[in-house]
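The lines below spell out each chain.
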Amino acid sequence: MSANVVDTSFGREHLASRLTRTVRVEIPRDRQPSRLSIMQVQIINTPITKDARATASVLSDHYEWTTIVDLTPQEWIRRANPTTNPEDVEKAMGLVADELLSRALNVLGS
């Protein structure tokens, strides 16, 4: 399965940080040509754990987002907050996004 990162954006607002990574993927299908689609990894990092999100979604043929992987805050939030330095937080969130993307590609490839 091929995956190409098309866009990555990072932003901060008060205490929350948001990282969005958009990826072009070719989804394999049994005995048919692969289907080109868009996957989006989105991480919302906030101290309020009920509002924290880490999801990977793929765009369906009907232009609806289907969640492939949804991590609980306990799985990633400590790794995404190494310091209060914005550059360190962005880098740490990028590593979580890479892991999330890898897990989503494994789900789609199996």
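Criteria and cut-off values
- Residues numbered from 1 in each chain as written.
- Predicted model: local features only at pLDDT ≥ 70, side-chain atom pairs only at ≥ 80, totals over all residues.
- Heavy atoms only, no water.
- Helix = DSSP H or I, 4+ residues; strand = E, 2+ residues; numbered from the N terminus.
- Rg over C-alpha atoms; globule rule 2.2 N^0.38 Å.
- Core = buried A, V, L, I, M, F, W, Y, C linked by side-chain atoms within 4.5 Å.
- Buried < 20%, exposed > 50% of the residue type's maximum accessible area, 1.4 Å probe, protein only.
- Contact = heavy atoms within 4.5 Å.
- Salt bridge = Lys/Arg side-chain N within 4 Å of Asp/Glu carboxyl O.
- Expected span 1.5 Å × (residues − 1).

Focus: the overall build of the chain
Point 1. Looking only at helices and strands, the chain has two helices and five strands in total.
Point 2. Walking the chain from its N terminus toward its C terminus, one meets helices and strands in the order β-β-β-β-β-α-α.
Point 3. Its C-alpha radius of gyration of 15 Å places the chain within 12% of the 13 Å reference for a compact globule of 110 residues.
Point 4. Along the first, second and third principal axes, the C-alpha atoms of the chain reach 50 × 25 × 20 Å.

Concerning the nonpolar core
Point 1. By size, the foremost hydrophobic cluster in this structure holds 25 residues, and its most contacted members are M39, I43, W76 and L100.
Point 2. If you list the elements that add at least two residues to this core, you get β2 (16-29), β3 (32-45), β4 (53-59) and α2 (86-109).
Point 3. Apart from residues no more than four positions distant in its own chain, L100 is found in contact with V41, A54, T55, A56, V69 and L71.

Focus on the side chain of S57
Point 1. Tracing the backbone shows S57 in strand β4.
Point 2. Those residues in contact with S57 that sit more than four places away from it in its chain are I38, M39, Q40, W65, T66, T67 and I68.

Things to note about the pattern of salt bridges
Point 1. Using the criterion set out here, one finds six salt bridges in the structure.
Point 2. In this structure, the salt-bridge partner of R21 is D98, at a minimum N-O distance of 2.4 Å. Residue R21 is located in strand β2, and its partner D98 is located in helix α2; the two are separated by 77 residues in the primary sequence.
Point 3. Overall, the relative accessible area of 39% leaves D98 in the partly exposed class.
Point 4. As a salt-bridge pair, D51 and K50 come within 3.5 Å of each other at their nearest N and O atoms.
Point 5. On the accessibility criterion, K50 (62% relative accessible area) is exposed.
Point 6. One network of salt bridges, in which partners are shared, links E75, R79, E99 and R103.

A short note on the side chain of N45
Point 1. Summarising the element assignment, N45 is placed in strand β3.
Point 2. Taking relative accessible area as the criterion, N45 reaches 3% and is therefore assigned buried.
Point 3. If sequence neighbours within four positions are ignored, N45 has contacts with L15, A16, S17, W76, I77, A80, N81, V89 and M93.

Some words on α2
Point 1. For α2, spanning 24 residues, the distance from its first C-alpha to its last is 34 Å, which sits close to the expected 34 Å at 1.5 Å a residue.
Point 2. Those residues of α2 that fall on the buried side of the exposure criterion are V89, A92, M93, G94, V96, A97, L100, L101, A104, L105 and L108.
Point 3. Summarising the contacts, the buried residues of α2 are in contact with β1 (3-13), β2, β3, β4, β5 (65-70) and α1 (73-76).

This is a description of form; function is not addressed.
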